[in-house]
Amino acid sequence: PELVLVPIGQTTAGFLKDVPFIRMAAKAGARVLIQLRGSEFRTWFDGLDPIRKNMVKGALAKVHGVIVLGENLRYLFEGLVPSEKIFVVSNGADYQFPECRTKSLRILYLANYLPGKGVKELLEALVIVHEKYKLRFEFHGYGSWDDESYKNECGKMVDRYANFFLNGSISGEAKWQAFADADIFVFAPKAPEGHPWSLVEASAAGLPIVSTDRGAIRQNVIDGENGFFLENPEPKILAEKIAELISDEALRERMGKASEQLHSTHFTAKAMSSQMRQVFQNILSESCVE
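Throughout what follows, the structure given in this document is the object of discussion. (Residues numbered from 1 in each chain as written. Predicted model: local features only at pLDDT ≥ 70, side-chain atom pairs only at ≥ 80, totals over all residues. Heavy atoms only, no water.)

Let's shift gears to the environment of M157. With respect to the helices and strands, M157 occurs in helix α5 (residues 148-158). Sequence separation of M157 and Y133 is 24 residues, and the distance between their C-alpha atoms is 17 Å. The contacts of M157, once residues within four sequence positions are left out, are K120, L123 and E124. (Helix = DSSP H or I, 4+ residues; strand = E, 2+ residues; numbered from the N terminus. Contact = heavy atoms within 4.5 Å.)

Judged by nonpolar contacts, the single largest core of 51 residues is most densely connected at I107 and F185. Tallying contributions element by element places helix α4 (residues 119-131) first for this core, with seven residues. Not counting the four nearest positions on each side in its chain, F185 is found in contact with L108, Y109, L110, F179, S198, L199, A202, L207, P208, I209 and V210. I22, I34, L48 and V81 belong to the second-largest nonpolar core, a separate cluster that totals 28 residues. (Core = buried A, V, L, I, M, F, W, Y, C linked by side-chain atoms within 4.5 Å. Buried < 20%, exposed > 50% of the residue type's maximum accessible area, 1.4 Å probe, protein only.)

This paragraph deals with the packing of aromatic side chains. Aromatic ring pairs are defined here through the distance separating the ring centres and the angle between the ring planes. Tallied over the full model, the rule gives 18 aromatic pairs. Their ring planes at 55° and their centres at 6.3 Å tell us that F15 and F41 sit as a pair that is tilted. Of this pair, F15 sits in helix α1 (residues 12-27) while F41 sits in helix α2 (residues 41-46); the two residues are 26 residues apart in sequence, bridging distant segments of the chain. Both residues of the pair, F15 and F41, count as buried. Ring centres 6.4 Å apart and planes at 75° place the aromatic pair F139 and F164 in the edge-to-face group. In this pair, F139 sits in strand β6 (residues 138-142) while F164 sits in strand β7 (residues 164-167), placing the two residues 25 residues apart along the sequence. Both residues of the pair, F139 and F164, count as buried. An aromatic cluster of at least three residues, connected via ring pairs, comprises F15, F41, W44, F45 and F77. In this structure, K53 is placed above the aromatic ring of F45, and the distance from its NZ or CZ to the ring centre is 5.6 Å. Geometry around F228 places K241 over its ring, the cationic atom sitting 4.8 Å from the centre. (Phe/Tyr/Trp six-rings, centres within 6.5 Å; stacked < 30°, edge-to-face > 60°. Lys NZ or Arg CZ within 6 Å of the ring centre and 35° of its normal.)

Picture a little ball the size of a water molecule; that probe, rolled over the atoms, points out where space is still empty. Under the criterion given, the structure shown has one cavity of 30 Å³ or more. In this model, the largest cavity occupies a volume close to 40 Å³. In this structure, the largest cavity is lined by R106, I107, L108, H140, Y142, A178, D181 and A182. With three residues, strand β5 (residues 106-110) is the single largest residue contributor to the lining of the largest cavity. In terms of residue class, the lining of the largest cavity is built from five nonpolar, one polar and two charged. (1 Å grid on protein atoms, 1.4 Å probe; cavity = no way out; pocket = protein on both sides within 12 Å on 5 of 7 lines; lining within 4 Å. Points joined across faces, edges and corners; volume = space filled by probe spheres on them. Nonpolar A, V, L, I, M, F, W, Y, C, P; charged D, E, K, R; others polar.)

The next subject is the environment of V279. Along the chain, the position of V279 falls in helix α10 (residues 269-289). Assessed through its relative accessible area of 4%, V279 is described here as buried.

Turning our eyes to something else, we now look at unusual backbone geometry. Of note in this structure, K134 is not a glycine but carries a positive phi near 55°. Take K134: it is sitting in the loop between α4 and β6.

Extensive coverage of β6 is indicated by the burial of four of its five residues. Taken together, the five bridges between β5 and β6 define a ladder with parallel strand orientation. Across the sheet, the residue bridging to L108 is H140, located in β6. Between the parallel pair β5 and β6, the chain is carried across by α4, and the sense of this crossover is right-handed. As paired strands, β6 and β7 are joined by four bridges and run parallel to one another. Looking at β7, one finds that H140 is bridged to F165. (Pairing = 2+ DSSP bridges. Right-handed = clockwise from strand over helix to strand, strands pointing away.)

Here is the structure:
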């Protein structure tokens, strides 16, 4: 092949598995393009010992380009790969959603129930919305647990309220129905993220979004335009923003339309494939020159 695309890991074990593919492709004379799906690479690299750092640098010296998920993630490879070889390809896809089946105002969370995803902070914020602001809503979360103690901690909060639901994972038509039935999408992680597919889906569904500044999320949430973009998942601030959206139907409608427009302009399958095609052409045109 003229070009080989290698998705890389951002842990020592993950990257070690990728190194042989990079070396083999380079030895065969192919152009090597690597793609990072997350945003923790730099933190991981900076924590390595000198020997492993040199191993990573040696592997990166053989690549002809690196793809990251957002403009603000270019820094992950600064000093390791020439800046002109760092490319951005955001996630993108096309969706069709069914008709809404409920009249109740729904807040949707769709991601795994992990501490780093800010689930507990979101639940604390919803308690504030319920008890302080006295607003009516339903909260529907969908995901999987991997920490029993965290599950129990969150479950105790949910059990106190008849309008809070932490459901299992969903996919396919059930997932699209959940988006169609929702009025607000909230995903406010405190741990690093890449470019979450759930935010691409929420914007395609025309939902106002409340999220935090992690990874490439800033691409999908423009503060004050299609939602609220917070520095951290502070429950009191989360509650304020959620309450504002619940209380103002016109604001929800305006921000929802802005989300849909943002998706149709930047995050469709066509947009993603166009970005990827440009990267491929850039890499391959250099091989012709050489």
